[in-house]
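Structural description and commentary
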Amino acid sequence: MAVQTFLFASLIIFSSIESNHGATEVSLFTNLENSLEVTAKPTRVGVVWEAGKDIVRITWMLKSSAKVNDDAAFKTVEVKLCYAPISQVDRPWRKTHNELSKDKSCPHLIVSKPYDKTTQSLNWTVDRETPTGTYFIRAYGTDVNGYEVAYGQSSDAEKTTNLFSVEGISGRHTSLDVASICFSVFSVDSLLVFLVKEKKKAKLQQRK
Amino acid sequence: MASNEDGSIGSSLHGVTAREQVFSFSVEDGPSSQAIRSDDPTAKFAIPVDSEHRAKVFKPLSFAKPHMRAFHLGWISFFTCFISTFAAAPLVPVIRDNLDLTKTDIGNAGVASVSGAIFSRLAMGAVCDLLGARYGTAFSLMLSAPAVFSMSFVSDAVSYLAVRFMIGFCLATFVSCQYWTSVMFTGKIIGLVNGCAGGWGDMGGGVTQLLMPMVYHVIKLTGATPFTAWRFAFFIPGFLQIIMGILVLTLGQDLPDGNLSTLQKSGQVSKDKFSKVFWFAVKNYRTWILFVLYGFSMGVELTINNVISGYFYDRFHLTLHTAGIIAASFGMANFFARPFGGYASDVAARLFGMRGRLWTLWILQTVGALFCIWLGRASSLPIAILAMMLFSIGTQAACGALFGVAPFVSRRSLGLISGLTGAGGNFGSGVTQLLFFSSSRFSTAEGLSLMGVMAVVCTFPVAFIHFPQWGSMFLRPSQHEERSKEEHYYGGEWTKEEKSLGLHEGSIKFAENSRSERGRKAMLADIPSPETGTPAHV
């Protein structure tokens, strides 16, 4: 009982120290302006994209509805591949978090380009290491210090439209399969060889 | 056993028991042994041995035949199997993307990875009793190596689960390892020896958290994509298993006097009946209490091996590499924690006998579980690491202490009891993973704390383990004339007919050697009574 009290006391002390630290500026998603318009057009329509093969034309620009100086703050645009809600189900490591430094829903960076106040675009080949899943594309406008100030995405606010599926590579190789079978057979065979040899030896000894 | 010291009662009769010729495990050449002085058979061993030819000292740096060699082969085989079974855990962040796994899939695969061993550990107990520890170890290593290699074929959640299930079978080497050391080392040091063998083997669960990410990185450097690299990385544990299997078969020996099949064929070791061995293991209630206890010491440890790397990676936003290092520290603590538990058990036995062993077990396991509760509640990284280290020491020492008790539960069914207890460890791990880590109901942090609470509760049953000759946590040994003798307890495993055939002699010898479990007070008062003959000096 005393041990538990001591443990809880030390826990409270340490966690209060921890919570005071880190009160610097934090980017929250809800604070961002939706001032960018992002479109994603695939070269092959209506099919599941293959990682490492399919090409998408991504375009981003300031929204026509945005005010004139909205884009004064951001210097760089980071375009990211984000998980759609369906790919986040039962996968807490892809959870969306309002605090952008903790957000895990957009882990794949497509490109990071300096913003030049014009419409920018990119022909992007879906990365070979992209996992199987359903995605949309989001662009963050970041300021001089690297903090996000604005965003835009190819899907709607609820992330239900304009989603696309990617089929990742399997990572399997015939050579790997063959090597695997060879070593497995070797393992079982060497065991059998030993068994047979020892049985013979024991029989010989018995006859002696 | 107090008569071991120089000049104490009967020490001049060192080694003489007057029963030498009859015992199944102690003779080398049948008829000629009648002429040999009982000192001579022991002289051919590099280490001092007792009347059963089990080693009396533990020299970890030696590879002497057959005792220390068996020790090293045993623990390294077990270590290798731990590496294979938990090889997937540090790579889960890559595997989950490759196979599009959900948390439920990963949790279920974790349960599967420890469930296979429930059955294989039971089977291994029987295999050791009937075929010897060498074959048991080799079967386990070489028949599960194909499962390790087959990670290259896995393409979805179902195949992933199936492969992890099959790899998990190799954890049966735990039983063969503990059995091997129990027949090679004498009762007084068995806690320490089993603790070292078990602990150093368990370290594999820690080493794999470092080894696999490292191998994975090296393979990626050669140009492979992540989704190929992780599959290829599994070849390393596979190779290790094959190499160890070959070493065990060529360098190992089942018993101090030779291999089991040779001794059986020459009539020196009688073949026991599986049904009898099984019945006496299952009938003994202590087996089942140990089953539950181990489920919440080793079981908790196995669960942590599966979840802790991912926990640190996800909760504290660390890299795969860093999370692996922290997770590895948990498993690596086994190097000293489990032997410490075994040693503490031996020291407690010297002072208080079996009652000391039981109390040591209860204290270590409960303290470990309390720190597990703390780990789940820690929200800062340094506190979490501290809690995890203290938790690992407590729980792993408890594992060592438990196997200071297990060898005394039965002599006839030693293998099967090791098997059942070992299976309990895996069963506990399966249950805790299923309850707390396979769904989104609890966060991993909550799961950890709840698991700790369950472990505290499930450690109470140790109070019910009672030996008539030695007592229990709260009860003194029986005062009854017959039941207070070790011979009565171990002799009770044989029927009258079997006794008349002399089949129980090995158990009687063991009973004499186990008098050390009476503790210091009882030993000082214990003057050997005429009917047991000269004390079995070891």
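Here the structure is a predicted model, which means the values were calculated and not measured.

Across its full length, chain B carries 25 helices and zero strands. Buried residues in chain B amount to 64% of all 538 residues. Across chain B, contacts joining residues at least 24 apart in sequence account for 78% of those joining residues at least 6 apart. Accessible surface, chain B: about 18,800 Å² in total, of which carbon and sulfur atoms supply 67%.

Further remarks concern the overall build of chain A. When helices and strands are tallied, chain A shows two helices and nine strands. Looking at chain A as a whole, 36% of its 208 residues are labelled buried.

Considering all chains together, one arrives at 16 salt bridges over all chains under this definition. We note a salt bridge from Glu50 of chain A to Lys53 of chain A, for which the minimum N-O separation is 3.2 Å. Overall, the relative accessible area of 32% leaves Glu50 of chain A in the partly exposed class. The closest approach of N and O atoms between Arg515 of chain B and Glu487 of chain B, which form a salt bridge, is 3.5 Å. Taken together, the positions of Arg515 of chain B in the loop between helix 24 (505-513) and helix 25 (519-525) and Glu487 of chain B in helix 22 (residues 486-491) put the pair 28 residues apart, joining distant regions of the chain. The residues Arg515 of chain B and Glu487 of chain B share a single accessibility class, namely buried. Within this structure, Arg44, Glu50, Lys53 and Asp54 of chain A form a network of salt bridges that share partners.

What the domain assignment lists for chain A is domain 1 (29-169) and domain 2 (171-202). When each unit is reduced to the centre of its C-alpha atoms, the spacing between domain 1 of chain A and domain 2 of chain A is 50 Å.

Bringing the nonpolar core into the picture now. All names here are of chain B. With 119 residues, the main nonpolar core has Phe71, Tyr160, Phe185 and Phe234 as its most contacted residues. Looking at this core element by element, the count peaks at ten residues for helix 2 (residues 67-85). With residues near it in sequence (within four places) discarded, Phe185 still touches Arg54, Ala55, Val57, Phe58, His67, Met68, Phe71, Ile190 and Val193. Formed by 33 residues, the second largest nonpolar core is a distinct cluster that contains Ile304, Phe371, Ala387 and Ala445.

A few words on helix 24 of chain B. All names here are of chain B. Helix 24 sits mainly inside the fold: nine of its nine residues count as buried. Inspection of helix 24 places Glu505, Gly506, Ser507, Ile508, Lys509, Phe510, Ala511, Glu512 and Asn513 among the buried residues, and these make up the whole buried set. For helix 24, the elements touching its buried residues are helix 22.

So, about the packing of aromatic side chains. Residues and elements named next belong to chain B. Tallying each qualifying case throughout the model produces 42 aromatic pairs over all chains. Measuring from ring centre to ring centre gives 5.1 Å for Phe174 and Phe403, while their planes differ by 80°; the resulting arrangement is edge-to-face. Highlighted residues: Phe174 in helix 7 (residues 173-184) and Phe403 in helix 19 (residues 381-405), separated in sequence by 229 residues. Overall, Phe403 belongs to the buried group, its relative accessible area being 1%. Centre to centre, the rings of Trp359 and Phe474 are 5.4 Å apart; their planes meet at 80°, and the pair counts as edge-to-face.

Residue and element names in this part refer to chain B. For the pair helix 9 (residues 204-221) and helix 10 (residues 226-233), the least separation of the axes is 8 Å and the interaxial angle reads 130°. Judged by the inter-axis angle, helix 9 sits oblique to helix 10. Between helix 9 and helix 10 the crossing geometry is right-handed. Here helix 9 contributes Met212, Val215, Tyr216, Ile219 and Lys220 to the contact with helix 10, which in turn contributes Pro226, Ala229, Trp230, Phe232 and Ala233. Taken together, the residues of the contact of helix 9 with helix 10 break down into nine nonpolar, no polar and one charged.

Such a bond, covalent and formed between the sulfur atoms of two cysteines, is termed a disulfide. All names here are of chain A. Enumeration according to the criterion identifies one disulfide over all chains in this entry. The disulfide partner of Cys82 is Cys106, and the gap between their sulfur atoms is 2.0 Å. Of note, the bridge from Cys82 to Cys106 carries an S-S torsion of about 110° and is right-handed in sense. Taken together, the positions of Cys82 in strand 4 (residues 76-83) and Cys106 in the loop between strand 4 and strand 5 (108-114) put the pair 24 residues apart, joining distant regions of the chain. Judged by its relative accessible area of 0%, Cys82 falls in the buried class.

Along the polypeptide, Asn334 of chain B turns up in helix 17 (residues 334-352). Ignoring any residue separated from it by four or fewer positions in sequence, one finds Asn334 of chain B in contact with Gly199, Trp200, Asp202, Met203, Glu301, Pro339 and Gln396 of chain B.

Further remarks concern the sheet that holds strand 3 (residues 55-62) of chain A. Residue and element names in this part refer to chain A. Taken together, three strands build an open sheet; the order of strands is 1-3-6 and the sheet is antiparallel. Among the strands making up the open sheet, the edge pair consists of strand 1 (36-42) and strand 6 (120-125). For this sheet the average axis-to-axis angle between neighbouring strands, irrespective of direction, equals 20°. Here seven bridges tie strand 1 to strand 3, and the two strands are oriented antiparallel to one another. From the neighbouring strand, Ala40 faces strand 3, where its bridge partner is Ile58.

Moving on, we come to the interface of chain A and chain B. Taken together, the contact between chain A and chain B spans 45 residues of the former and 47 residues of the latter. The contact between chain A and chain B buries some 4,200 Å² in all, and 66% of this surface belongs to carbon and sulfur atoms. If you sort the residues of chain A by the area they bury against chain B, Asp90, Trp93 and Leu191 of chain A come out on top, with a joint share of 15%. The tally of links from chain A across to chain B stands at three salt bridges. A salt bridge links Arg94 of chain A to Asp97 of chain B; the shortest N-O distance between them is 2.9 Å. Linking chain A to chain B there are 17 residue pairs in polar contact (both at pLDDT 80 or more). Among the secondary structure elements, those contributing two or more residues to the side of chain A that touches chain B are helix 1 (2-20) and helix 2 (174-207) of chain A. Of the residues forming the side of chain A that touches chain B, the biggest block, 18 residues, is contributed by helix 2 of chain A.

Cut-offs used in this document
Residues numbered from 1 in each chain as written. Chains lettered and ligands numbered in written order. Predicted model: local features only at pLDDT ≥ 70, side-chain atom pairs only at ≥ 80, totals over all residues. Heavy atoms only, no water. Helix = DSSP H or I, 4+ residues; strand = E, 2+ residues; numbered from the N terminus. Buried < 20%, exposed > 50% of the residue type's maximum accessible area, 1.4 Å probe, protein only. Contact = heavy atoms within 4.5 Å. Areas by Shrake-Rupley, 256 points an atom, 1.4 Å probe, with all protein chains shown as cover. Salt bridge = Lys/Arg side-chain N within 4 Å of Asp/Glu carboxyl O. Domains from an automatic or database assignment. Core = buried A, V, L, I, M, F, W, Y, C linked by side-chain atoms within 4.5 Å. Phe/Tyr/Trp six-rings, centres within 6.5 Å; stacked < 30°, edge-to-face > 60°. Axes fitted to C-alpha atoms, helices over the stretch in contact; angles between N-to-C directions. Parallel < 35°, antiparallel > 145°, perpendicular 65-115°, else oblique. Left-handed = near helix turned anticlockwise from the far one by under 90°. Nonpolar A, V, L, I, M, F, W, Y, C, P; charged D, E, K, R; others polar. Disulfide = S-S within 2.5 Å. Pairing = 2+ DSSP bridges. Buried area = accessible area lost by both parts, 1.4 Å probe. Polar contact = N/O pair within 3.5 Å; in protein donor to acceptor, adjacent residues only side chain to side chain.

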